[in-house]
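Per-entry structural report
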Amino acid sequence: MTLLHSPRFSSWARGHLLCRVDSVSDRVALTFDDGPSRGATPHVLDLLARHEAHATFFTLAPNVDRLPDVVRRAVDDGHELALHGDLHWPLPVSTPGLIRRELERSAAAVARATGATARHYRPPFGFMAPSQARFVARAGYRSVLGDVYPEDTYRPGVDTIVRRVMTRLSGGSILILHDGSPFGEADRSQTVAALAVILESLRRSGLRGVSIAELLAAAPEESRETDAILRGGSS
Ligand SMILES: [Zn+2]
């Protein structure tokens with residue numbers, strides 16, 4: 001379906017990006033990219049609250065600056081804010097200086113709006129070289145991809161999004177959805193409608209929706225690995 005689900009790409013990506021946490025069986029991480037947005041994020045937050053689920057929001061600096069009240073609510077509701085950059089520029093054509101600036105601008109926007117310190121980063125388009133992940137780790141952030149991406153930005157239909165997610169999701173998964181857009185507001189109504197069905201399905205399956213930080217906390221050995229990476233102990 002997507003590059004993410006090809007065995008060769010996913011085994012390569014797992015070498016330097018957090019894609020899932022195998023040792024956790026009773027919860028999945030819910031993640032949202034490119035937000036916040038006025039049109040979708042409040043509905044996402046309503047649904048997560050109704051289902052007592054948490055998520056990680058990989059935010060873009062211009063959208064955080066535009067909608068600080070929305071990200072403040074996300075933090076107040078117990079969600080994790082994380083970084084997705086400023087320009088949404090693909091990393092393979094980015095210099096270290098540009099990547100550093102992307103991280104700094106994204107982190108500064110989150111800190112300005114909420115006072116929160118981000119720990120996780122997702123590269124735009126889900127692609128970065130191992131050397132770039134090490135560079136990002138030295139700057140203090142763990143790079144996160146995921147293992148389930150239903151291509152919700154292409155708006156394939158609510159039923160298709162739900163089916164793609166539920167056939168691939170399992171305990172320890174990291175689900176990638178989108179509550180915003182690099183171009184400001186965009187139609188994410190299919191994502192919101194699909195999320196309502198996905199949260200019901202998770203409940204029936206006995207799976208809790210959590211943030212990346214909570215997923216890692218449920219797997220002590222993964223947390224130790226994160227600390228090692230952030231100390232620069234891992235190549
Ligand atoms: Zn993105």
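Here, every reference points to the structure presented above.
The paragraphs below set out a description of the structure included in this document. Every value quoted in this text rests on a predicted model; they were computed, and no experiment measured them.

1. Notes on the overall build of the protein chain
Check the secondary structure of the protein chain and you find 10 helices and seven strands. In terms of C-alpha radius of gyration, the protein chain reaches 16 Å, essentially the compact-globule figure of 18 Å for 235 residues. Here the C-alpha coordinates of the protein chain stretch approximately 40 × 40 × 30 Å along the principal axes. Out of the 235 residues in the protein chain, the part that is buried amounts to 48%. The long-range share in the protein chain, meaning contacts at least 24 apart out of those at least 6 apart in sequence, stands at 78%.

2. Quick look at the environment of H178
You can see H178 is positioned in strand β6 (residues 174-178). Given 23 C-beta atoms within 10 Å, H178 falls into the buried group. Remark: the alpha-carbon pair of H178 and D33, spanning 145 residues in sequence, is separated by 4.7 Å. Residues contacting H178, with those up to four places away along its chain left out, are F32, D33, D34, D152, T153, R188 and T191.

3. Points about the pairing of strand β1 (residues 27-33)
A large share of β1 lies buried, amounting to seven of its seven residues. Burial along β1 is two-sided: R27, A29, T31 and D33 facing one way and V28, L30 and F32 facing the other are all buried. As defined by bridge partners, β1 adjoins strand β7 (residues 208-210) across three bridges and the pair is classed as parallel. For V28, the partnering residue across the bridge sits in β7 and is G209. Looking at chain direction, β1 and β6 are connected through five bridges and run parallel. Note that in β6 the partner of L30 across the bridge is L175.

Rules used throughout
Residues numbered from 1 in each chain as written. Predicted model: local features only at pLDDT ≥ 70, side-chain atom pairs only at ≥ 80, totals over all residues. Helix = DSSP H or I, 4+ residues; strand = E, 2+ residues; numbered from the N terminus. Rg over C-alpha atoms; globule rule 2.2 N^0.38 Å. Buried ≥ 20, exposed ≤ 12 C-beta atoms within 10 Å, placed from the backbone. Contact = placed C-beta atoms within 7 Å. Pairing = 2+ DSSP bridges.

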